[in-house]
Amino acid sequence: SDVTSMLRSSVSIKSRIAIQDKALRKYRGNITMVKDVLRAQITLPDEGSIICALIRLRQIQHSGNSFKIVRIKNLFRTTSLGALVPSDLPTGYRHILVNLRLKSGFITEIQLQLKAVYDLLGSEGYILHRKLTEIDTIYLPEAKESMNKHEHPN
């Protein structure tokens, strides 16, 4: 099948409330630290296509001066034995984030995702991940305390 027919892409601008929320949650309220205000999402058919996309971004970067790649965050990392490194995200959600500095100095983000993950979770996959993370954050400490009260010595 034609690879381009398997691609999905979208571009969005984070809402003011979402920017403030993320700044409070991750950066002590400093909204200038939020790097995904302008975000593109590209869904690719397989890992090889993700590598090709990264190579192409680098080629475009070197052919002109419209942007510079300033960070690549790889959440598909593997060990030297090929096993996936446990995800930095509690739900196991995985993608590659590429931050670009535009000529204006503005930093944007491109999310490279696998089609299989997108097909499973849809466009709201990261929101689902965030909601599950919030549940873990809110309820786990209470559950742990409750479990500790009811433990029996062996």
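Just so it is clear, the model here is predicted, and its values are computed rather than measured.

Draft legend 1. Region of interest: the overall build of the protein chain. Summing up its helical and strand segments, the protein chain has four helices and five strands in all. When the helices and strands of the protein chain are read in sequence order from the N terminus, they spell out β-α-β-α-β-β-β-α-α. Long-range contacts, defined here as pairs at least 24 residues apart, represent 60% of the contacts in the protein chain between residues at least 6 apart. Looking at the protein chain as shown, the accessible area adds up to about 10,700 Å², and 59% of this sits on carbon and sulfur atoms.

Draft legend 2. Focus on the environment of lysine 68. Inspection of the secondary structure puts lysine 68 in strand 3 (residues 67-74). Each C-alpha atom, one on lysine 68 and one on asparagine 99, is 8.5 Å from the other, the two residues being 31 residues apart in sequence. Once you skip the residues sitting within four places of it in the chain, lysine 68 turns out to touch Gln61, Asn99, Leu100 and Arg101.

Draft legend 3. Representation of the side chain of asparagine 99. You can see asparagine 99 is positioned in strand 4 (residues 96-102). With a relative accessible area of 2%, asparagine 99 lands in the buried category. In terms of polar contacts, asparagine 99 uses its side chain to reach the side chain of arginine 71, at 2.7 Å. Residue contacts for asparagine 99: discarding those within four places in its chain leaves Lys35, Lys68, Ile69, Val70, Arg71, Ile107, Thr108 and Glu109.

Rules used in this analysis
- Residues numbered from 1 in each chain as written.
- Predicted model: local features only at pLDDT ≥ 70, side-chain atom pairs only at ≥ 80, totals over all residues.
- Heavy atoms only, no water.
- Helix = DSSP H or I, 4+ residues; strand = E, 2+ residues; numbered from the N terminus.
- Contact = heavy atoms within 4.5 Å.
- Areas by Shrake-Rupley, 256 points an atom, 1.4 Å probe, with all protein chains shown as cover.
- Buried < 20%, exposed > 50% of the residue type's maximum accessible area, 1.4 Å probe, protein only.
- Polar contact = N/O pair within 3.5 Å; in protein donor to acceptor, adjacent residues only side chain to side chain.

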